[in-house]
Amino acid sequence: SQQGEEDPQALSIQEGENATMNCSYKTSINNLQWYRQNSGRGLVHLILIRSNEREKHSGRLRVTLDTSKKSSSLLITASRAADTASYFCATDAYAGGTSYGKLTFGQGTILTVHP
Amino acid sequence: DTEVTQTPKHLVMGMTNKKSLKCEQHMGHRAMYWYKQKAKKPPELMFVYSYEKLSINESVPSRFSPECPNSSLLNLHLHALQPEDSALYLCASSQGTAYTDTQYFGPGTRLTVL
């Protein structure tokens with residue numbers, strides 16, 4: 001089954017508003033990452049949060065991680081039309097002290113920011 | 001240089017053709033990855049190379065054959081593909097595999113199989 005599930009599947013907001021996306025996962029993890037993908041292009045890494053961290057900021061991005069609930073959220077503040085993209089969370093499954101060495105991506109949230 | 005390059009950008013091939021996708025990075029990364037992405041879906045891992053050795057094969061059909069000639073180059077050889085193999089093929093690299101690092105993605109090759 002999919003390691004990461006995201007909601008909402010699609011989000012439509014006006015420029016200047018905040019956008020919040022959520023990600024849930026099933027197994028223990030070393031870290032959780034968020035990536036952005038503009039239509040039909042490669043993915044761009046946004047932020048990585050380790051399992052022993054609870055919150056991380058990068059510019060207009062704020063990521064939280066709750067390992068007890070196996071969930072994470074990505075908040076984009078003061079959104080811009082250029083933020084329009086798909087956003088994916090990605091987790092690395094971890095068991096017995098060893099990472100499996102691969103990322104599994106969530107289904108993604110399509111964010112549309114209207115000017 | 002924090003760029004991963006992929007060639008070609010677009011590829012159209014028939015089911016009997018043999019073609020190759022190429023990926024290159026000059027960041028000194030020792031792990032390289034191939035992903036397949038269908039429209040409106042997340043990337044799905046196909047192969048992982050670590051220190052030029054194949055470390056993960058996600059049960060990919062043998063019509064896809066990866067090759068890592070050196071630490072900067074990753075190829076994906078394609079033969080006898082099916083129309084359902086049409087997708088965006090993404091290459092990525094990361095520093096190492098002690099734990100899962102940030103991955104840097106190329107722009108992808110859009111493959112169409114006729």
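Up top you'll find the structure we're talking about.
Note that the structure is predicted; figures quoted are calculated from it, not measured.

Conventions used here
Residues numbered from 1 in each chain as written. Chains lettered and ligands numbered in written order. Predicted model: local features only at pLDDT ≥ 70, side-chain atom pairs only at ≥ 80, totals over all residues. Heavy atoms only, no water. Helix = DSSP H or I, 4+ residues; strand = E, 2+ residues; numbered from the N terminus. Contact = heavy atoms within 4.5 Å. Areas by Shrake-Rupley, 256 points an atom, 1.4 Å probe, with all protein chains shown as cover. 1 Å grid on protein atoms, 1.4 Å probe; cavity = no way out; pocket = protein on both sides within 12 Å on 5 of 7 lines; lining within 4 Å. Points joined across faces, edges and corners; volume = space filled by probe spheres on them. Nonpolar A, V, L, I, M, F, W, Y, C, P; charged D, E, K, R; others polar. Salt bridge = Lys/Arg side-chain N within 4 Å of Asp/Glu carboxyl O. Buried < 20%, exposed > 50% of the residue type's maximum accessible area, 1.4 Å probe, protein only. Buried area = accessible area lost by both parts, 1.4 Å probe. Polar contact = N/O pair within 3.5 Å; in protein donor to acceptor, adjacent residues only side chain to side chain. Disulfide = S-S within 2.5 Å.

(A) The overall build of chain A, seen in detail. A tally of helices and strands in chain A yields zero helices and eleven strands. Overall, chain A shows an N-to-C arrangement of helices and strands of β-β-β-β-β-β-β-β-β-β-β. Taking contacts inside chain A between residues at least 6 apart in sequence as the whole, the part at least 24 apart equals 56%. On chain A, roughly 5,300 Å² of surface is accessible, and the fraction owed to carbon and sulfur atoms is 46%.

(B) Structural detail: empty space enclosed by the protein. Residue and element names in this part refer to chain B. This model, assessed by the stated rule, comprises one cavity of 30 Å³ or more. In this structure, the largest cavity spans a volume of roughly 40 Å³. In terms of lining residues, the largest cavity is bounded by H29, R30, A31, M32, Y49, Y51, E52, C68 and S71. Looking at the lining of the largest cavity residue by residue, the classes come out as five nonpolar, two polar and two charged.

(C) Looking closely at the pattern of salt bridges. This model, assessed by the stated rule, comprises eight salt bridges over all chains. With a shortest N-O distance of 2.9 Å, D83(A) and R60(A) are connected by a salt bridge. On the criterion of sequence distance, the pair formed by D83(A) in the loop between β8 (71–76) and β9 (85–95) and R60(A) in the loop between β6 (55–58) and β7 (61–66) is long-range, its members being 23 residues apart. The buried category is assigned to D83(A), whose relative accessible area is 8%. Across the pair D85(B) and R63(B) runs a salt bridge whose closest N-O atoms are separated by 2.7 Å. Of this pair, D85(B) sits in the loop between β8 (73–79) and β9 (87–94) while R63(B) sits in the loop between β6 (53–57) and β7 (64–70), placing them 22 residues apart in sequence. The class for D85(B) is buried, based on a relative accessible area of 2%. The exposure class assigned to R63(B) is partly exposed, which follows from its relative accessible area of 24%. When salt bridges with common partners are traced through the structure, they connect K36(B), R63(B) and D85(B) into a single cluster.

(D) A look at the interface of chain B and chain A. Across the contact, 20 residues belong to chain B and 23 residues belong to chain A. Interface area, chain B with chain A, both sides summed: about 1,700 Å², of which 55% is carbon and sulfur. Put simply, K102(A) and E58(B) hold a salt bridge, and the shortest N to O gap is 2.7 Å. Summed over the shared surface of chain B and chain A, the number is five residue pairs in polar contact (both at pLDDT 80 or more). Where the side of chain B that touches chain A is concerned, the elements lending two or more residues are β4 (31–37) and β9 of chain B. Ranked by the residues each element gives to the side of chain B that touches chain A, the list is headed by β4(B), at three residues.

(E) Inspection of the layout of surface pockets at higher detail. Considered as a void within the structure, the largest pocket measures approximately 460 Å³ in volume. Together, 21 residues line the largest pocket, and Q37(A), S86(A), I110(A), K40(B) and K41(B) are the ones closest to its centre. Secondary structure elements with two or more residues in the lining of the largest pocket: β9 and β11 (109–114) of chain A. Here the lining of the largest pocket is composed, by residue class, of six nonpolar, eleven polar and four charged.

(F) Structural context of the state of the cysteines. Residues and elements named next belong to chain A. For the structure shown, the criterion picks out two disulfides over all chains. Bridging C23 to C89, the disulfide has an S-S length of 2.1 Å. Here the S-S torsion is close to 70°, and the disulfide linking C23 with C89 is therefore right-handed. Note that C23 is positioned in strand β3 (residues 19–25) and C89 in strand β9, a separation of 66 residues in sequence.

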